[in-house]
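Now for the letters of each chain:
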Amino acid sequence: MAKKIYTFETIDSTNNCAKALAGVFAEQGTVVFAEKQTAGRGRLGRSWDSNPNENLTFSVILRPSVPPESVNLLPLFAAVALAAAVERATGVKVDCKWPNDLLINGRKFAGILLEGSISQGSVDYVVLGIGINVNQERFAPELKETATSLRLATGKEIDRVLLFRTIMKSFEDHHARMSRTHFQSVVPVWTAHTAMLNREITVSLQGTTLSGIARGLSSDGGLILNTDGQDRTLFAGDVTILKK
Ligand code: BTN
């Protein structure tokens with residue numbers, strides 16, 4: 001991982017650049033990093049705003065050997081690798097929230113955006129775009145109640161370079177282990193790193209909201225939601241964990 005790192009002061013989106021590089025045969029593990037994104041994207045068509053010089057916004061190219069129906073395991077792999085690195089670097093407890101968020105004390109401090117290319121029935125590449133609130137202390141009014149940063153959570157300024165190195169090392173270790181199982185082994189690891197299972201949740205997608213109990217993950221990374229006694233598997237949506 002990160003044998004080659006492209007760094008930018010300003011770019012539209014590190015995911016766009018990483019996809020362009022992957023399209024011209026950039027190697028697995030290539031990283032694109034930017035201090036400022038003018039069109040940073042989140043999931044479900046949202047934007048990702050991040051203060052320059054305070055946070056980490058980067059994308060990693062993978063060329064995984066997984067069938068297209070298993071690509072949803074890859075953001076889970078990134079989430080557990082990221083969670084382990086942040087816990088090691090800061091000592092705070094991190095929770096994974098399906099599908100691609102990382103939380104501290106119920107507040108989001110990092111998100112992952114998976115984009116990729118499938119050709120002739122196999123995965124050509126995936127780009128894992130990662131945004132981490134590291135030293136940001138102020139958030140837009142609409143995020144104030146739900147967002148946090150590592151600085152706010154620890155009360156200390158975080159060395160971004162050290163954190164980035166710890167993350168890359170964790171990606172490498174997790175990748176070495178999990179790619180051997182075509183990323184199937186991420187399911188129990190992610191499950192052990194979440195506080196949302198067996199809780200009442202709602203999942204919203206395109207104007208529809210389902211309520212139920214989060215039961216676990218399917219072997220291809222879907223969320224098993226029990227609604228009215230019936231299990232169904234979801235592959236996208238926005239989860240709200242209801243208060244106990
Ligand atoms: C989410 O939580 O919705 C995912 C956020 C992903 C943001 C990162 S920042 C680096 C990369 N480039 C982008 O345009 N988005 C991702």
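Conventions we followed
- Starting from 1, residues in each chain are numbered consecutively following that chain's sequence as written.
- Per-residue local features are limited, in this predicted model, to residues with pLDDT of at least 70; the limit for side-chain atom pairs, both in listing and counting, is 80 or more; totals at the level of whole chains, interfaces and linings are taken over all residues.
- Here the side-chain values reflect all heavy atoms present in the structure, with hydrogen atoms and water set aside.
- Put simply, DSSP H or I for four residues or longer makes a helix, DSSP E for two residues or longer makes a strand, and each gets a number counted from the N terminus.
- For the radius of gyration, the atoms used are the C-alpha atoms, and the globule rule reads 2.2 Å times the number of residues raised to 0.38.
- The rule is simple: take the accessible area with a 1.4 Å probe, protein chains only, and divide by the maximum for that residue type; under 20% is buried, over 50% is exposed, in between is partly exposed.
- In this description, contact between two residues means that some pair of their heavy atoms is separated by no more than 4.5 Å.
- For this count, His and the chain ends are skipped, Lys and Arg are scored as positive, and Asp and Glu as negative.
- For the purpose of locating charges, the reference atoms are NZ of Lys, CZ of Arg, CG of Asp and CD of Glu.
- In this description, strands pair whenever DSSP reports at least two bridges between them.
- Domains are outlined according to an automatic or database domain assignment.
- Values labelled buried area give the accessible surface lost by two parts on being combined, using a 1.4 Å probe and summing over both.
- Salt bridge, as applied in this entry: a Lys or Arg side-chain nitrogen positioned within 4 Å of an Asp or Glu carboxyl oxygen.
- Residues adjacent in sequence count toward polar contacts only when both atoms are side-chain atoms; beyond that, a polar contact is any pair of N or O atoms within 3.5 Å, and within protein one must be able to donate a hydrogen and the other to accept it.
- Any residue with at least one heavy atom within 4 Å of a molecule or strand is counted as near it.
- Computed with a 1.4 Å probe, the accessible areas rest on the Shrake-Rupley method; for each residue, only the protein chains presented here act as cover.
- Three residue categories are used. Nonpolar comprises Ala, Val, Leu, Ile, Met, Phe, Trp, Tyr, Cys and Pro, charged comprises Asp, Glu, Lys and Arg, and polar comprises the others, including Gly.

Participant: What is the right way to look at the overall build of the protein in this model?
Facilitator: The helix and strand tally for the protein stands at 5 helices and 12 strands. Computed over C-alpha atoms, the radius of gyration of the protein comes to 17 Å, within 12% of the 18 Å expected from 2.2 N^0.38 for 244 residues, which places it in the range of a compact globule. Overall, the C-alpha framework of the protein stretches about 50 × 45 × 35 Å when taken along its three principal axes. The burial tally for the protein puts 51% of its 244 residues in the buried class. Contacts in the protein between residues far apart in sequence, at least 24 positions, make up 63% of those at least 6 positions apart. Between the centroid of the 27 positive side chains of the protein and the centroid of its 24 negative side chains there is a distance of 3 Å.

Participant: Please clarify how the pairing of strand β6 (residues 107-119) should be interpreted in this entry.
Facilitator: Regular strands place side chains that alternate from one sheet face to the opposite one. The pairing of strand β5 (residues 101-104) with β6 spans 4 bridges and is antiparallel. By the bridge assignment for β6, L102 is matched with A110. Between β5 and β6, which pair antiparallel one after the other, the connecting turn spans 2 residues, and N105 there sits at a positive phi close to 45°. Pairing of β6 with strand β7 (residues 122-132), which is carried by 10 bridges, proceeds in the antiparallel orientation. For E115, the partnering residue across the bridge sits in β7 and is V127. Linking β6 to β7, which pair antiparallel, is a turn of 2 residues; within it Q120 sits at a positive phi near 50°.

Participant: It is not clear to me how the domain arrangement of the protein should be interpreted in this structure. Could you clarify?
Facilitator: Interface size, as often reported, equals the accessible area lost upon joining of the parts. On domain assignment, one finds that the protein holds domain 1 (5-192) and domain 2 (200-241). The straight-line distance from the C-alpha centre of domain 1 to that of domain 2 is 22 Å. With 14 residues of domain 1 at the contact, the number on the domain 2 side is 15 residues. Summed over both partners, the interface of domain 1 with domain 2 comes to about 1,200 Å²; 61% of that surface belongs to carbon and sulfur atoms. Three residues, N72, K97 and W98, lead the burial of domain 1 against domain 2; their summed loss comes to 47% of the area buried on that side. Here domain 1 is connected to domain 2 by 2 salt bridges. Residues D238 and R46 are paired through a salt bridge, measuring 2.1 Å at the closest nitrogen-oxygen approach. Taken together, the links from domain 1 to domain 2 amount to 5 residue pairs in polar contact (both at pLDDT 80 or more).

Participant: For this particular structure, what's the right way to read the environment of E200?
Facilitator: Along the chain, E200 turns up in strand β8 (residues 200-205). With residues up to four places along the chain from it excluded, the contact list for E200 reads G212, I213, T240, I241 and L242.

Participant: Explanation requested: the site of the ligand in the structure shown.
Facilitator: As a structural note, the neighbourhood of the ligand is formed by 20 residues, with S13, Q37, R41, R43 and K108 the closest of them. Take S13: an N or O atom from its side chain is 2.8 Å from an oxygen atom of the ligand. Take T14: an N or O atom from its side chain is 3.1 Å from a nitrogen atom of the ligand. Protein chains shield 98% of the accessible area of the ligand, which is 420 Å² for the free molecule. Mapped onto the shell around the ligand, the elements with two or more residues apiece are α1 (14-23), β3 (56-62), β6 and β7. Per-element tally for the shell around the ligand: the top contributor is β6, with 4 residues. For the shell around the ligand, the class distribution of residues is 5 nonpolar, 11 polar and 4 charged.

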